[in-house]
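Coordinate analysis (summary)
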Protein chains: 2
Amino acid sequence: MLQEHAEEYLGAIYRLRTTPDIPVPLAQLTEYFGYSPVSVHEMVKKLSAQEWVAYHPYQGVTLTPTGQKVALALLRRHRLWERFLTDTLHVPWEEAHELAGALEHAVTEEVTERLATFLGDPASCPHGAPIPPSMPSIEERCLADLPTGARGRITRVSQESAALLHELGTRGILPGALFVIAAQNHDEIVIELAKHTAHLPLKSAQMVRVELF
Amino acid sequence: MLQEHAEEYLGAIYRLRTTPDIPVPLAQLTEYFGYSPVSVHEMVKKLSAQEWVAYHPYQGVTLTPTGQKVALALLRRHRLWERFLTDTLHVPWEEAHELAGALEHAVTEEVTERLATFLGDPASCPHGAPIPPSMPSIEERCLADLPTGARGRITRVSQESAALLHELGTRGILPGALFVIAAQNHDEIVIELAKHTAHLPLKSAQMVRVELF
DNA sequence: AATAATTATAAGGTACACCTTATAATTAAC
DNA sequence: GTTAATTATAAGGTGTACCTTATAATTATT
Ligand SMILES: [Mn+2]
Ligand SMILES: [Mn+2]
Ligand SMILES: [Mn+2]
Ligand SMILES: [Mn+2]
């Protein structure tokens, strides 16, 4: 777990990028942090190993979906703290940014959301930058635990073994797919999808998360 | 600068001690943190080198005045954040302690005092522990900048070079001393102390902080 | 006084995130 | 197409705060 420093990098990459998919050159990170190119490169390799960034040699880094999530969560915390500092504690806005840079690492997601509520769910920081929305907390259920007739949408597969993914893929059980539970017994479920009906072992269904309607 | 970890140790020592001056055995710190005895011992040596604790072999550690100041400041921040979490964000009090353990390291003294004001200067944390008072913020002035007739008390010398300290010492310009400015010109000031009058180069006076009456 | 328990110290190691210096590879500019 | 600039990589190093294993010193217990 690299946590704090990693977050800082991901946040910087998010801030520095112009367009998603256009890589941020390491030279920019070097300048942003005031670190040596070698240090930045080293760190980028670590971030890349964790799949938080994609490293494009001689071009720079882009955020992976996971990396972007981390960056957005950080920016959300940062900007909420800025609002708290200026609105609640009456800290001058020119000092709020730096102070929020420390607080942003010191709170859990839950505290962050409570803070947001307290502040009245502000849409932007004192400097006008938008506050990223909290991740829509979908109520996920396990596909294996649903009664006959339940309908919803596949959200994700919680284990990424090749065999499982292949089994699900061939049956059309993919993130995004709409479904209705047609039947269920001790060792398999029958699930109706858009264009066909699939049989799936319960064991596999246990790895599938869905959002119910 | 050891800062965060050092603070954590000093805070723990403060919490664990029964009476000031009765040393806290390293074994207690070992247990408190869940670190190995060797690690604790190592850290204690560092704290001792900084004169934040006094180490009494086979007995334990006591806080020096400086160390205690750091510990009290930490506890103040900790308990103020606990109040904020429970009172303002409605975090359950059983979660507040741990969460405050992170926030306590993420704020400056100034933000702490603003937080205290916002909270209405509470006297105790949600768990009933007293909140140490803020350091009485003496309004310090520079001895070099005072008009004739100004009176007050020397509070401290802001640069600790041997030559300067010797110069001040021989003239009786020491922390605690009461004074009146008798005269002042382009390159020196004349300062009246309890039992004598001293002449001091302005350059030296610039390093002396005073509290005015 | 001898033994047991506690405490201290020595020696060597790990992970993290930074550093410098030097060389190689690639890309950009002339 | 050669040169210059940028970017990457290799090699070795730092400080902080943790670790284990092993041995020495002190204190406590019987
Ligand atoms: Mn930060
Ligand atoms: Mn802002
Ligand atoms: Mn803490
Ligand atoms: Mn408390």
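Residues numbered from 1 in each chain as written. Chains lettered and ligands numbered in written order. Predicted model: local features only at pLDDT ≥ 70, side-chain atom pairs only at ≥ 80, totals over all residues. Heavy atoms only, no water.

1. Thoughts on the protein's contact with DNA strand D
Close contacts around DNA strand D come from 19 residues, with His41, Tyr55 and Tyr58 of chain A together with Tyr35 and Ser39 of chain B the closest. Protein-proximal atoms of DNA strand D, defined as those within 4 Å of the protein, fall in sugar or phosphate at a share of 74%. Between His5 of chain B and DNA strand D, the recorded distance is 3.0 Å, taken from a side-chain N or O atom to a phosphate oxygen. Interatomic distance of 3.1 Å between a side-chain N/O atom of Glu42 of chain B and a base nitrogen of DNA strand D. Mapped onto the surface near DNA strand D, the elements with two or more residues apiece are α2 (26-33) and α3 (37-49) of chain A together with α1 (3-16) and α3 (37-49) of chain B. The element best represented in the surface near DNA strand D is α3 of chain B, accounting for 5 residues. (Near = heavy atom within 4 Å. Polar contact = N/O pair within 3.5 Å; in protein donor to acceptor, adjacent residues only side chain to side chain. Helix = DSSP H or I, 4+ residues; strand = E, 2+ residues; numbered from the N terminus.)

2. Some thoughts on the interface of chain A and chain B
Taken together, the contact pairs 20 residues of chain A with 20 residues of chain B. Summed over both sides, the interface between chain A and chain B buries roughly 1500 Å², with carbon and sulfur atoms accounting for 77% of that surface. The tally of links between chain A and chain B comes to 0 salt bridges. The tally of links between chain A and chain B comes to 4 residue pairs in polar contact (both at pLDDT 80 or more). At the level of secondary structure, the elements contributing two or more residues to the side of chain A that touches chain B comprise α4 (65-88), α5 (93-103) and α6 (109-119) of chain A. Of all the elements, α6 of chain A adds the most residues to the side of chain A that touches chain B, at 5 residues. (Contact = heavy atoms within 4.5 Å. Buried area = accessible area lost by both parts, 1.4 Å probe. Salt bridge = Lys/Arg side-chain N within 4 Å of Asp/Glu carboxyl O.)

3. Let's talk about the coordination of the manganese ion (ligand 1)
Residue and element names in this part refer to chain A. Distances from the manganese ion (ligand 1) to its protein donors, Glu8 (OE), Glu8 (OE), Gly101 (O), Glu104 (OE) and His105 (NE2), fall within 2.0 to 2.8 Å. Sequence positions of the residues that donate to the manganese ion (ligand 1) give the spacing E-x92-G-x2-E-H. Here the residue Glu8 occupies a position in helix α1 (residues 3-16), and Glu104 occupies one in the loop between α5 and α6, the gap between them amounting to 96 residues. Look at Glu8 and you get partly exposed, because its relative accessible area is 28%. A residue is classified by how much of its surface remains accessible, and Glu104, at 2% relative accessible area, is buried. (Donors = N, O, S within 2.8 Å, 3.2 Å for Na, K, Ca; no water. Buried < 20%, exposed > 50% of the residue type's maximum accessible area, 1.4 Å probe, protein only.)

4. Describing the relation of the copies chain A and chain B
Once turned by 174 degrees and shifted 0.3 Å along the axis, chain A lies on chain B with an RMSD of 1.1 Å. Here the copies are linked by what is in effect a two-fold axis. Residues of chain A ranked by C-alpha distance from the rotation axis are headed by Ala106 of chain A, positioned 2.7 Å from it. The overlap is high: 100% of the interface residues of chain A also sit at the interface in chain B, so the same surface is used on both sides. (Least-squares fit on C-alpha atoms with pLDDT ≥ 70 in both.)

5. Some remarks on the pattern of salt bridges
Two side chains that carry opposite charge are able to pair once their charged atoms sit near each other. In this structure the tally under the stated criterion is 10 salt bridges over all chains. For Glu113 of chain A, the salt bridge goes to Arg76 of chain A, with nearest N and O atoms at 2.7 Å. Note that Glu113 of chain A is positioned in helix α6 and Arg76 of chain A in helix α4, a separation of 37 residues in sequence. Since its relative accessible area comes to 24%, Glu113 of chain A is described here as partly exposed. For Glu211 of chain B, the salt bridge identified is with Arg153 of chain B, shortest N-O distance 3.0 Å. Residue Glu211 of chain B is found in strand β8 (residues 208-212), and its partner Arg153 of chain B is found in strand β4 (residues 151-157); the two are separated by 58 residues along the sequence.

6. Some thoughts on the domain arrangement of chain A
Domain parsing of chain A yields domain 1 (3-63), domain 2 (68-119) and domain 3 (140-212). For domain 1 of chain A and domain 3 of chain A, the distance between their C-alpha centres works out to 37 Å. (Domains from an automatic or database assignment.)

7. Overview of the sheet that holds strand β4 (residues 151-157) of chain A
Residues and elements named next belong to chain A. Read across the open sheet, the 6 strands follow the order β3-β8-β4-β5-β6-β7; overall the sheet is antiparallel. Looking at which strands have only one partner, the edges of the open sheet turn out to be β3 (140-142) and β7 (197-201). Each strand axis lies, on average, 45 degrees off the axis of its neighbour in the sheet, ignoring direction. Where β3 lies against strand β8 (residues 208-212), 3 bridges are found, and the strand directions are antiparallel. Bridge assignment links Cys142 to a residue of β8, and that residue is Arg209. (Pairing = 2+ DSSP bridges. Axes fitted to C-alpha atoms, helices over the stretch in contact; angles between N-to-C directions.)

8. Side note on the pairing of β4 of chain A
All names here are of chain A. Looking at chain direction, β4 and strand β5 (residues 178-184) are connected through 3 bridges and run antiparallel. By the bridge assignment, Gly152 is partnered in β5 with Phe179. Relative to β8, β4 runs antiparallel, the two being bridged by 5 bridges. Directly across from Arg156, in β8, lies its bridge partner Arg209.

9. Considerations on α4 of chain A
Given 3.6 residues per turn, any residue in an α-helix points the same way as the ones three and four places further on. All names here are of chain A. Across its 24 residues, α4 extends 33 Å between first and last C-alpha, which sits within 8% of the 34 Å expected from 1.5 Å per residue. Where burial is concerned, most of α4 is hidden: 17 out of the 24 residues are buried. Phi for His90, located one or two positions after α4, is positive at around 60 degrees. (Expected span 1.5 Å × (residues − 1).)

10. Describing the coordination of the manganese ion (ligand 3)
Protein ligation of the manganese ion (ligand 3) involves Glu8 of chain B (OE), Glu8 of chain B (OE), Gly101 of chain B (O), Glu104 of chain B (OE) and His105 of chain B (NE2), the donor distances falling in the range 2.0 to 2.8 Å. Mapped onto the sequence, the donors of the manganese ion (ligand 3) take the spacing E-x92-G-x2-E-H.

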